[in-house]
Amino acid sequence: MFADWPILSLIIWLPIIGGILVLASGDNAANATRWTALVIAILTFVVSLPLYSSFDPTTSDMQFVERASWIPLFNIEYYLGVDGISMPLIILTTFITVFVIIAGWEVIQYKPSHYMAAFLIMEGVMVGVFCALDAMLFYVFWEAMLIPMFLIIGVWGGPNRVYATIKFFLYTFFGSVFMLVALIYMYFQSGSFDILAFHDLKLGLNEQILIFIAFLLAFAVKVPMWPVHTWLPDAHVEAPTGGSVILAAIMLKIGGYGFLRFSLPITPNASNELDWLIILMSLIAVVYIGFVTLVQQDMKKLIAYSSIAHMGFVTLGFFIAFMIMNNSETQGGAILGLEGGMVQMVSHGFISAAMFLCVGVLYDRMHSRQINDYGGVINTMPLFGAFMVFFAMANAGLPGTSGFVGEFMVILASFRADVWFAVLAATTLIISAAYTLWMVKRVVFGKVANNNVATLEDINNREFFVLGSLALAVLVLGLWPAPLVEVMDVSIENLLKHIAVSKL
Amino acid sequence: MEQIYLSIVLAPLIGAIFAGFFGGRIGRVGAHWVTSSGVGISAVLSLYVLWQFVSGEAEVFNDSVYTWMVSDGLRMEVGFLVDQLTAVMLVVVTFVSFCVHIYTIGYMADDEHNWPDESLAGRNSYQRFFSYISLFTFSMLMLVMSNNFMQLFFGWEAVGLVSYLLIGFWSVRDTAIFANLKAFLVNRVGDFGFILGIAAVAMYFDTIDYAEVFAKAPELANVQINVWGDESWSLMTVICVFLFIGAMGKSAQVPLHVWLPDSMEGPTPISALIHAATMVTAGVFMVARMSPLYEFSETALTFVLVIGATTAFFTGLIGIVQNDIKRVVAYSTLSQLGYMMVALGVSAYAAGIFHLMTHAFFKALLFLAAGSVIIGMHHDQDIRNMGGIKKYMPITWITSLLGSLALIGFPGFSGYFSKDAIIDAVHHSTIAGSGYAYVAVLVGVFITALYSFRMFFLVFHGEGPRDEHAKDHLHESPKVVTWPLIALAIPSVFVGYFTVDAMLFGDWFKGAIYVLPEHNTIAALEKVVHDGNGMLGHFYASAPFYLAMAGLFVAWFIYMKKPPIAHDIKTRFNIVHTILDKKYYFDETYQALFAGGSRGIGKLLWDAGDRGLIDGLIINGSAKTVGRVAGWVRNVQTGYLFHYAVAMILGLLLLLTWFVIV
């Protein structure tokens, strides 16, 4: 019944316009502002639900399509639509934003209206990235995303925020200009910015490789992949809690989404040629970053590094597809890897959000992120401790939580590409447990470490609601991932069919 | 039957949820009632299921409950496989768990004393403990009832989670939170192998459903795969060895055994339930369940055999020098798990499961009895402070005696049948490594008797207690503690005799366990002894009996008759004692090599890689370069008209020259 409604436009513009209204309302009635922002966020989430309930999982065609001419001179269109790959990520975005708004409730006292507005606008823009089917529209949303995040870190961030924002901005901007060149090149080849037309565009191998590398620079920075990951820990450390949550839960996924929407279907031959490079970078992310994570002293930095390691599974799952297809010994397995990467993205959205929120809860009370400043938090915050242990276990990929599902699928799939990929990927079982639980041991367990810990107060109802909702999401997805996998199945199958055909 | 199987699994889960989430509201009594009755229901239903199988009315059940997901044609289900093997495991798990639930009511009654004042961490700790042990029961049942590898892994890790939570139950104690992290990580090393095994199964069988995998196994028995370069391995060997690495973690086999002794930091009821009777035997159960795969790889069987024999012998030796009552029992558990693995290695899967069952009863009994002594001693666990406790705690004494006799394999007791069957099966085996294993398990019998009765005599007999203060408060434990002891003592004595004919020599495991004729050591054993009565009738003709008696006698002679000898031996063989006391330096080595090593690697990669190379040289380096170039170029922009004029003239000249020349 909702198929003909402009739902996607609503999800994009409702929060953006709402955000502008919130901004205009100012900080005089801060509470009213917060409530307005929350109502808008919830409304957006509710509006996004029909995307799931009215989604037709039997087709790989774009759904909820909206198409209108925008800049006729260059044949640029306002062209939106979703398939099984983008739809789950959009709902993830609208879901997480609600909790970001709640998490910043009384914590943000400095210009709350600006803060809330930034996140609402951010939400609309990110949804735009996920559902844009016109490459120029995509690029506009892609770059627009930087502005609110730049402000969020720059205004509400920590003491070293200027370094972090500049680094964040330059890094991501550096990546995306090459993508712009690639998009314009393909516009000249195809005569439009229609992404789906790009998919069918015939390209020579050298062209493909150049385009692939341009995309890689843009997406690898976003994911982020080793070795272009060093902006992330700095950005996370300086960002306010909400900023970290959006950054980890949604923005990183845009890189992964880019690989599926652009790199694989547009440059299948180049992806096939260079898959070893991505696989290498992914495995380094899992192992190298895993070890780096182990020695972090700053909780946020630790979780940021762990995000990089977990995102390594996403790119690994995507790019082993070619090796599996070329491997004569097995039939199937490529879809398992692709879907595993997708599941890992959604799951990491929940878990990393929850982990950063946990650190935020502690930071709000103690104003420190240093592990050494904590110890024995369980003595004063038992309820919080329970949540922290739960999310830590999810981060370590415990079966029954969503963290397990994607990693399990990717490990199973990578075994089909090469035994040693699976061996290296599976080391995450040990390393991720080591860094996460070691942190939990030092922060949560033990005797009360100091007087500050002794005076901590357990989480309030607001924090309980936020963490509880995410815990529920993590658990449900872990115990029954079928609904998520089903909606993406046909789209992924179609993608695989598409990339199996050479463009040369 | 599906409703019954679902109820068996869900009853403990519901109890755990109530006690865990509403512990504050339903109170202590509510919590132990809801969890105990949940597990009680499971126990009764499990007995019913077993009875259905015994009477031949039940059929093997194999069906899915719900589809976890389907991806790429690979169906992952949550489902149950209930056959004779499962039925035995169900009864063992739920019965021991039920006893432990009852026992916990007494053991944890004063738990608030274990927490610092003012600490909120101990709030509702009693309810939380019950919630955990019920959750454990649920996880263990999911593991043994699974009909596929995904759910097996789910249960496998879920019991690991609960084990982590329970070892670190007293979460403010430094030793406890060290031990639980260690346990989890060492188990993860095992799981690392396990998940690779599952991945190999998924790849080559294209399914993770047990029945389908087992049906396909014979046709894949001769498949060779390349793992490293051109060297080819048998697929079955690769799968079985990977899976067994998981079993080595969970069942604490050398060299992944180091977590189990430390796990004694947890409260005693869970040492009995998790770290003796059920969870640590998951590896044994898994290998037996996978017998249709293991049978096709003699290499893997030899691997299992050698690891098992090594564990059985060398960890038993450590048991002799331990002074912590729980650690003695823990090392005994390690050693006995080694015995079970040995049985699997010689394809006597039935004997392995048989020993798993009898061991579950008598080892749970020994742990709970040790716990009873610990209650009496007001949480002093050092056996050097005990002694003469027999007269204070008669029920604990007699049940301990029965448990110890079962453990050392005294004729007629449960352990006699199961352990002798293993030793004889090894004797009949021709597989590589069986010679070594035979010596190890044979000498192991002497060692078992020695450490068991060393502890028994030091705790219960002689003058004492050696700690004078203990006399004032030593008395028999309350009924909730002693009744479970009695309930476990009964099967410890009798279950072996009454089940040996069916489980070992009968066709009980016919459909569940698969043995190739040339590996069938139990059949060879059967030719000699015919049945249980045959085994019992010839006890005097077997070496293990004399070894056990010798061990018992030596223990009595050294620790009761001539106590100074113990000290003499210790000083004379100081090096041996030190090595055993240091547990062969496994902990120190691992701590330095793996814990220290990973931190070192992490620090190196972070300092040199991330901060040095990437950020220092490339990122900030290029930023600095841009800054430097900009600074240099800025010098040109001086603002003096004179400079600009000169530059213009120079430029003009250069341009003109260029035009002229070209």
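Numbers given for residues are sequential positions, taken from 1 along each chain in its written order. Labels follow written order: the first chain is A, the first ligand is 1, and so on. Local features in this predicted model are restricted to residues of pLDDT 70 or higher, and side-chain atom pairs are both shown and tallied only at a pLDDT of 80 or more, whereas totals for entire chains, interfaces and linings draw on every residue.

### Focus: the overall build of chain A
Put simply, the rule is: Counting from the N terminus, the helices are DSSP H or I runs at least four residues long and the strands are E runs at least two residues long. Based on C-alpha atoms, the radius of gyration is set beside the globule rule, defined as 2.2 Å times the residue count to the power 0.38. Put simply, a residue is buried when 20 or more other C-beta atoms lie within 10 Å of its own C-beta and exposed when 12 or fewer do; between those, it is partly exposed, and each C-beta is set from the backbone. Throughout, a residue-residue contact means that the two C-beta atoms, derived from backbone geometry, are no farther apart than 7 Å.
Looking only at helices and strands, one finds 21 helices and two strands in chain A. Its C-alpha atoms give chain A a radius of gyration of 22 Å, near enough to 23 Å, the size a compact globule of 504 residues would have. Expressed as a percentage of the 504 residues in chain A, the buried residues total 65%. Look at the contacts in chain A between residues 6 or more apart in sequence, and 82% of them connect residues 24 or more apart.

### With respect to the overall build of chain B
Scanning chain B for helices and strands turns up 27 helices and four strands. Expressed as lengths along the three principal axes of its C-alpha atoms, the size of chain B is roughly 120 × 65 × 60 Å. Taken across its 662 residues, chain B has 58% of its residues classed as buried. Summarising the internal contacts of chain B: among those between residues at least 6 apart in sequence, 80% fall at separations of at least 24.

### Quick notes on the UniProt feature "domain: NADH-Ubiquinone oxidoreductase (complex I) chain 5 N-terminal" (unreviewed entry) in chain B
Stated formally: UniProt positions are given in the numbering used here, feature names are shortened, and annotations may be inferred rather than shown by experiment.
With numbering aligned to this structure, UniProt lists the feature "domain: NADH-Ubiquinone oxidoreductase (complex I) chain 5 N-terminal" (unreviewed entry) at residues 68-113 of chain B. In this annotation, residues 68-113 of chain B is assigned 52% helix and 28% strand; the end-to-end C-alpha distance for the span is 44 Å.

### Overview of helix H13 (residues 298-321) of chain B
Owing to its 3.6 residues per turn, the α-helix aligns residues three or four sequence positions apart on the same side. Our working rule: How far a helix is expected to stretch is found by multiplying one less than its residue total by 1.5 Å.
Taking 1.5 Å of rise per residue, the 24 residues of H13 of chain B would be expected to cover 34 Å, and the 36 Å separating its terminal C-alpha atoms lies within 8% of that figure. Extensive coverage of H13 of chain B is indicated by the burial of 21 of its 24 residues.

### Observations regarding the interface of chain B and chain A
As a reminder of what qualifies: Classes in brief: Ala, Val, Leu, Ile, Met, Phe, Trp, Tyr, Cys and Pro nonpolar; Asp, Glu, Lys and Arg charged; the others, Gly included, polar.
Listed by partner, the interface residues are 47 residues for chain B and 46 residues for chain A. Looking at the side of chain B that touches chain A, the elements with two or more residues in it are strand S1 (61-71), helix H5 (149-167), helix H6 (174-205) and helix H26 (586-634) of chain B. The biggest single contributor to the side of chain B that touches chain A is H6 of chain B, with 15 residues. Looking at side-chain class alone, the side of chain B that touches chain A contains 28 nonpolar, nine polar and 10 charged residues.

### A look at the domain arrangement of chain B
We apply this condition: Each domain span listed reflects an automatic or database assignment of domains.
Domain boundaries assigned for chain B yield domain 1 (1-114 + 123-561) and domain 2 (587-661). The C-alpha centroid of domain 2 of chain B is placed 63 Å from the C-alpha centroid of domain 1 of chain B.

### What about the UniProt feature "domain: NADH:quinone oxidoreductase/Mrp antiporter transmembrane" (unreviewed entry) in chain B?
As recorded in UniProt, the feature "domain: NADH:quinone oxidoreductase/Mrp antiporter transmembrane" (unreviewed entry) lies at residues 146-429 of chain B. With 73% helix and 3% strand, residues 146-429 of chain B has end C-alpha atoms that lie 31 Å from one another.

### Description of the pairing of S1 of chain B
Residues and elements named next belong to chain B. Applied cut-off: Note on pairing: two strands pair once DSSP finds at least 2 bridges between them.
As paired elements, S1 and strand S2 (residues 74-82) share nine bridges and run antiparallel to each other. Within S2, the residue paired with Tyr66 across the bridge is Val78. In this antiparallel pair of consecutive strands, S1 and S2, the connection spans two residues, and Asp72 shows a positive phi of 60 degrees.

### Regarding the UniProt feature "domain: NADH:ubiquinone oxidoreductase chain 4 N-terminal" (unreviewed entry) in chain A
Per the UniProt record, "domain: NADH:ubiquinone oxidoreductase chain 4 N-terminal" (unreviewed entry) is annotated on residues 59-123 of chain A. Taken end to end, residues 59-123 of chain A comprises 46% helix and 25% strand; its first and last C-alpha atoms sit 27 Å apart.

### Description of the environment of Met439 of chain A
All names here are of chain A. Positionally, Met439 belongs in helix H18 (residues 428-443). Overall, Met439 belongs to the buried group, with 25 C-beta atoms counted inside 10 Å. Sequence separation between Met439 and Leu294 is 145 residues, and the spatial gap between their C-alpha atoms is 8.7 Å. Apart from residues no more than four positions distant in its own chain, Met439 is found in contact with Met299, Leu302 and Ile371.

### Let's talk about unusual backbone geometry
Following Val223 of chain A, the chain continues into Pro224 of chain A via a peptide bond in cis, with omega recorded as -20 degrees. Position of Pro224 of chain A relative to the elements: it lies in the loop between helix H9 (205-222) and helix H10 (231-238). Backbone torsion omega between Trp226 of chain A and Pro227 of chain A reads 5 degrees, so that peptide bond is classified as cis. Mapping Pro227 of chain A onto the fold places it in the loop between H9 and H10. Even without being a glycine, Ala252 of chain B presents a positive backbone phi close to 50 degrees. Residue Lys583 of chain B is not a glycine yet carries a positive backbone phi of 55 degrees. If you trace the backbone, Lys583 of chain B turns up in the loop between helix H25 (574-581) and H26.

### Observations regarding the environment of Ala449 of chain B
Residues and elements named next belong to chain B. Tracing the backbone through its elements, the reader meets Ala449 in helix H18 (residues 434-460). Assessed through the 26 C-beta atoms surrounding it within 10 Å, Ala449 is described here as buried. Residue contacts for Ala449: discarding those within four places in its chain leaves Ile408, Ala548, Gly551, Leu552 and Ala555.

### Observations regarding helix H8 (residues 235-250) of chain B
Residues and elements named next belong to chain B. The first and last C-alpha atoms of H8 sit 23 Å apart over 16 residues, in line with the 22 Å expected at 1.5 Å per residue. With 15 of 16 residues buried, H8 is to be regarded as a mostly interior element. Looking one or two places after H8, you find Ala252, whose phi comes out positive at around 50 degrees.

### Some remarks on the nonpolar core
Cut-off, in case you're wondering: Only buried Ala, Val, Leu, Ile, Met, Phe, Trp, Tyr and Cys residues enter a nonpolar core, and they are joined through C-beta atoms within 7 Å.
Counting residues in hydrophobic clusters, the biggest one holds 461 residues, and the most contacted among them are Val342 and Ala364 of chain B. It is H6 of chain B that provides the largest number of residues to this core, a total of 21 residues.

### Details of the environment of Leu334 of chain B
Residues and elements named next belong to chain B. Mapped onto the elements of the fold, Leu334 is located in helix H14 (residues 325-345). Here Leu334 falls in the buried class, since 25 other C-beta atoms lie within 10 Å of it. Through-space distance from the C-alpha of Leu334 to that of Arg628 is 66 Å; in sequence the pair is 294 residues apart. Not counting residues within four places of it along the chain, the set of residues in contact with Leu334 comprises Ala252, His257, Leu260, Thr311 and Thr315.

### A few points about the confidence of the model for chain B
Fine structural detail should not be taken from predicted coordinates in areas where pLDDT scores are low. Using the following cut-off: pLDDT measures how confident the predictor is about each residue, on a scale from 0 to 100.
Mean pLDDT over chain B works out to 90, with 100% of the residues at or above the 70 mark. The ipTM, which scores confidence in the relative placement of chains, is 0.93 for this predicted complex, and the corresponding pTM is 0.93.

### Here we look at the packing of helix H2 (residues 30-53) of chain A against helix H3 (residues 86-103) of chain A
All names here are of chain A. To be explicit about the condition: Lines are fitted to the C-alpha atoms to define the axes, a helix being fitted only along its stretch in contact, and any angle between axes, read from their N-to-C directions, falls within 0 to 180 degrees. For classification purposes, an angle smaller than 35 degrees is called roughly parallel, one larger than 145 roughly antiparallel, one from 65 to 115 roughly perpendicular, and anything else oblique. Here is the rule for handedness: rotate from the far helix to the near one, and if that takes an anticlockwise turn smaller than a right angle the crossing is left-handed, while a clockwise turn gives right-handed.
Between H2 and H3, whose axes approach to 9 Å, the crossing angle comes to 160 degrees. What the angle tells us is that H2 and H3 run roughly antiparallel. For the pair H2 and H3, the sense of crossing is left-handed. Packed against H2, whose contacting residues are Ala37, Leu38, Ala41, Ile42, Thr44, Phe45, Ser48, Leu51 and Tyr52, the element H3 presents Met87, Ile90, Ile91, Thr94, Phe95, Thr97, Val98, Ile101 and Ile102 at the interface.

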